[in-house]
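As a plain string of letters, each chain reads:
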Amino acid sequence: MRILLLNGTIVGKKTRTLLNEIEGYIQNLPDTHDTQIVDLENYDLQFVDGRPADEYNKDMQALIQAVESADAYVIATPIFQGSIPGTLKNVFDAVSPLAMRYKPVSIVANGGTLQHHLVIENQLKPILNYFRCMVTPNYVYTHTNHFSTQGELIDEDVRNRLKEMTVVFNKYMQMSRHLEPDK
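Residues numbered from 1 in each chain as written. Predicted model: local features only at pLDDT ≥ 70, side-chain atom pairs only at ≥ 80, totals over all residues. Heavy atoms only, no water.

### Some details on the packing of helix H1 (residues 14-27) against helix H5 (residues 156-176)
- Relative to each other, H1 and H5 sit at 50 degrees, their axes nearing to 10 Å. As the angle between them shows, H1 and H5 are arranged oblique. H5 is crossed by H1, and the crossing has right-handed handedness. Listed contacts from H5 to Leu18, Glu21, Ile22, Tyr25 and Ile26 of H1 are Val158, Arg159, Leu162, Lys163, Met165, Thr166 and Phe169.
- The residue inventory of the contact of H1 with H5, partitioned by class, reads eight nonpolar, one polar and three charged. (Axes fitted to C-alpha atoms, helices over the stretch in contact; angles between N-to-C directions. Helix = DSSP H or I, 4+ residues; strand = E, 2+ residues; numbered from the N terminus. Parallel < 35°, antiparallel > 145°, perpendicular 65-115°, else oblique. Left-handed = near helix turned anticlockwise from the far one by under 90°. Contact = heavy atoms within 4.5 Å. Nonpolar A, V, L, I, M, F, W, Y, C, P; charged D, E, K, R; others polar.)

Below is the structure:
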């Protein structure tokens, strides 16, 4: 399967650190998967305004193609001002509503307080439910204390939760192979 690991921000290191960790766990799964980490900071993003995909610049077209052609996703996002970043929402606005249907998604997020995990429940999950994704029930939320001052993951419990999430994600990928999206 082609797994897209989406870093939903253009600033900071923590979400990329989490994706690097998860990519290692995916590589240790029994099945072989192709992974691609997409860092939004590497794209010349345009504001999505409803025009057809082929009218956006080449970077936006490549980003839309990468998202729509993936078989499964791990979405990493920081929580800014009690919300997902606008860059991540912009990506969701660019993608066809049918593109992610019945595809597995795991979520990791990082915020400055313990309470910001509710953004996953109140904002991100409803968006993914709109796309009819198969969202794993065990997302991983981290906060500042889980990282060193250099942005390295230092919490063993978080590592264990990421490993567990990857195992569940793998089961969801196996289930999704037997589902045919409505065309």
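After presenting the structure, the write-up continues.
### Considerations on the pairing of strand E3 (residues 72-78)
- Of all seven residues in E3, seven are buried, a share of seventy percent or more.
- On E3, burial covers both faces: Ala72, Val74, Ala76 and Pro78 on one face and Tyr73, Ile75 and Thr77 on the other are all buried.
- Two elements, strand E1 (residues 2-7) and E3, share five bridges in a ladder whose sense is parallel. Bridging from a neighbouring strand, Leu4 pairs with Tyr73 of E3.
- The sheet contact formed by E3 and strand E4 (residues 104-111) spans six bridges and is parallel. By the bridge assignment, Val74 is partnered in E4 with Ser106.
- Handedness of the crossover is the feature at issue here: the chain leaves E3, passes through helix H3 (residues 86-94), returns alongside E4, and the resulting connection is right-handed. (Buried < 20%, exposed > 50% of the residue type's maximum accessible area, 1.4 Å probe, protein only. Pairing = 2+ DSSP bridges. Right-handed = clockwise from strand over helix to strand, strands pointing away.)

### Looking at unusual backbone geometry
- Residue Tyr102 is not a glycine yet carries a positive backbone phi of 60 degrees.
- Despite not being glycine, Arg132 shows a phi value in the positive range, around 60 degrees.
- Tracing the chain through its elements places Arg132 in the loop between helix H4 (118-130) and strand E5 (134-135).
- According to the relative accessible area criterion, Arg132 is partly exposed, its value standing at 41%.

### Overview of the side chain of Ser176
- Of note, Ser176 is situated in helix H5.
- Note on Ser176: relative accessible area 8%, which makes it buried.
- Apart from the residues lying within four places of it in its own chain, the contact partners of Ser176 are Met1, Tyr102, Pro104 and Met134.

### Side note on the packing of aromatic side chains
- Summed over all chains, the structure comprises two aromatic pairs.
- Ring geometry for Phe92 and Phe131: centres 6.0 Å apart, planes at 45 degrees, overall tilted. Taken as a pair, Phe92 in helix H3 and Phe131 in the loop between H4 and E5 lie far apart in primary sequence, 39 residues in all.
- Looking at Phe92, the relative accessible area reads 5%, which means it is buried.
- Ring geometry for Tyr130 versus Phe131: centroids 5.7 Å apart, planes at 75 degrees, classification edge-to-face.
- You can call Tyr130 exposed: its relative accessible area is 57%.
- Among the aromatic residues, those joined into a cluster by ring pairs are Phe92, Tyr130 and Phe131. (Phe/Tyr/Trp six-rings, centres within 6.5 Å; stacked < 30°, edge-to-face > 60°.)

Purely geometric stuff here, so don't read any function into it on its own.
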